[in-house]
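# Descriptive analysis of the structure
Each chain is listed here by its residues.
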Protein chains: 2
Amino acid sequence: MAALSRKHDVFQAIADPTRRKLLRLLADKEMPVTVICGHFPISRTAVSKHLRILADAGLVKERKVGRETRYRLEPTPLLELKEWLSFYERFWDNKMAMLKHYVENGKGHIVDADGDDK
Amino acid sequence: MAALSRKHDVFQAIADPTRRKLLRLLADKEMPVTVICGHFPISRTAVSKHLRILADAGLVKERKVGRETRYRLEPTPLLELKEWLSFYERFWDNKMAMLKHYVENGKGHIVDADGDDK
DNA sequence: TTGATATGAAACCAAATGGTTTCGTATAAT
DNA sequence: ATTATACGAAACCATTTGGTTTCATATCAA
């Protein structure tokens, strides 16, 4: 799962809002570039470059059909993101987990109202 | 949960590997800038700017203690990421979900070995 | 064959990004 | 009071990014 030395990593790929919209769009169905472009206010070439970046990150797959290239979502690299995120799961709204974390790490970053470490 | 019109959004904030390391580091405990810098090969000012970006995204909180500024992780904005990611959950390794998705969307992007739509 | 359509590649550009060094200022220590 | 420490702000710089327009090529249609 370890990044596979791709030219573009997932984190950087999804940083751009246009690319996130692309993923969302291609999740519903496979589409040729021209159709995809209909959903964006930028040039076809610009869309093409975004698609290249997504492909480099492994997030979309292309398939030639006649003179058109159809793109579709390839969701598996998002697992890397999910995995990364899972580290922080314990910090959310789970008091028990917080306590567990506190115990495990000794006098951690729990702070009282004075603003000083306990 | 809707982005709150911050100067930097979470997606962009976590795109940089240095910033991801920072989050990871500050998850364990609150730290002043100088200590943080000890973990990175770049200048203090550079680290400071990364911290500013993380703070703008709401991912770290700062607290002045004497002449030092201590930073700590603030994980809640990561929920936006989790939420975004949850949309794609159904695409992973769950054949039932795939089928459900297929049924719901009619003849979607399911493709056979010939490489043509069914 | 002769267009028209679908797309990528190349060259180019302005703005953003990640880094540096230098300077200013607030707090702590002597 | 003076010096040292901790930090942010400002100015600057090279590279990357997101966009454009123009050109080349492959396929479909007449």
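Residues numbered from 1 in each chain as written. Chains lettered and ligands numbered in written order. Predicted model: local features only at pLDDT ≥ 70, side-chain atom pairs only at ≥ 80, totals over all residues. Heavy atoms only, no water.

## Observations regarding helix 5 (residues 78-86) of chain A
The test is simple: The rule is simple: take the accessible area with a 1.4 Å probe, protein chains only, and divide by the maximum for that residue type; under 20% is buried, over 50% is exposed, in between is partly exposed. Numbering goes from the N terminus for both helices and strands, where a helix is a DSSP run of H or I of at least four residues and a strand is a run of E of at least two. Working note: the arc is built from the helix axis to C-beta atom directions. Here, two residues are considered to be in contact whenever any of their heavy atoms come within 4.5 Å of each other.
What helix 5 of chain A keeps buried is the set Leu78, Glu80, Leu81, Trp84 and Leu85 of chain A. Axial view of helix 5 of chain A: buried residues confined to an arc of 150°, hence all on one face. For helix 5 of chain A, the elements touching its buried residues are helix 1 (10-13) of chain A together with helix 2 (17-28) and helix 5 (78-86) of chain B.

## Considerations on the pairing of strand 3 (residues 68-73) of chain B
All names here are of chain B. The line we're drawing: The criterion for strand pairing is that DSSP finds at least two bridges linking the strands in question.
For strand 1 (residues 31-32) and strand 3, the ladder comprises 2 bridges, and the chain directions are antiparallel. Of the residues in strand 3, the one forming a bridge with Pro32 is Arg70. Connecting the antiparallel pair strand 2 (residues 60-65) and strand 3 is a turn made up of 2 residues, with Gly66 showing a positive phi of about 60°.

## Description of the protein's contact with DNA strand C
In plain terms, the rule: Put simply, a residue is near a molecule or strand once any heavy atom of it comes within 4 Å of that molecule or strand. Definition of a polar contact: a pair of N or O atoms within 3.5 Å, with one able to donate and the other able to accept a hydrogen when the atoms are protein atoms, and with sequence-neighbouring residues admitted only if both atoms are side-chain atoms. Nonpolar residues are Ala, Val, Leu, Ile, Met, Phe, Trp, Tyr, Cys and Pro. Charged residues are Asp, Glu, Lys and Arg, and all others, Gly as well, are polar.
Surveying the vicinity of DNA strand C reveals 21 residues, the closest of which are Thr34 and Ser48 of chain A together with Ser43, Lys49 and His50 of chain B. Counted by atom, the contact set of DNA strand C within 4 Å of the protein is 63% sugar and phosphate. Ser48 of chain A is positioned such that a nitrogen or oxygen atom in its side chain is 2.3 Å from a phosphate oxygen of DNA strand C. A distance of 2.9 Å separates a phosphate oxygen of DNA strand C from a polar side-chain atom of Gln12 of chain B. Taken together, the elements giving at least two residues each to the surface near DNA strand C come down to helix 3 (33-37), helix 4 (44-56) and strand 3 (68-73) of chain A together with helix 4 (44-56) of chain B. Here the surface near DNA strand C gets 4 residues from one element, more than from any other, and that element is helix 4 of chain B. In terms of residue class, the surface near DNA strand C is built from 5 nonpolar, 9 polar and 7 charged.

## So, the packing of helix 5 of chain A against helix 5 of chain B
The line we're drawing: Interaxial angles span 0 to 180 degrees and are taken between N-to-C directions of axes, which are lines fitted to C-alpha atoms, for helices over the stretch in contact. Rotating anticlockwise by less than a right angle from the far helix to the near helix defines a left-handed crossing, while the corresponding clockwise rotation defines a right-handed one.
Between helix 5 of chain A and helix 5 of chain B, the shortest axis-to-axis distance is 11 Å and the interhelical angle comes to 145°. The way helix 5 of chain A lies across helix 5 of chain B gives a crossing that is left-handed. Residues Leu78, Leu81, Lys82, Trp84 and Leu85 of chain A of helix 5 of chain A touch helix 5 of chain B, and the partners they reach there are Leu78, Leu81, Lys82, Trp84 and Leu85 of chain B. Class assignment for the residues of the contact of helix 5 of chain A with helix 5 of chain B results in 8 nonpolar, no polar and 2 charged.

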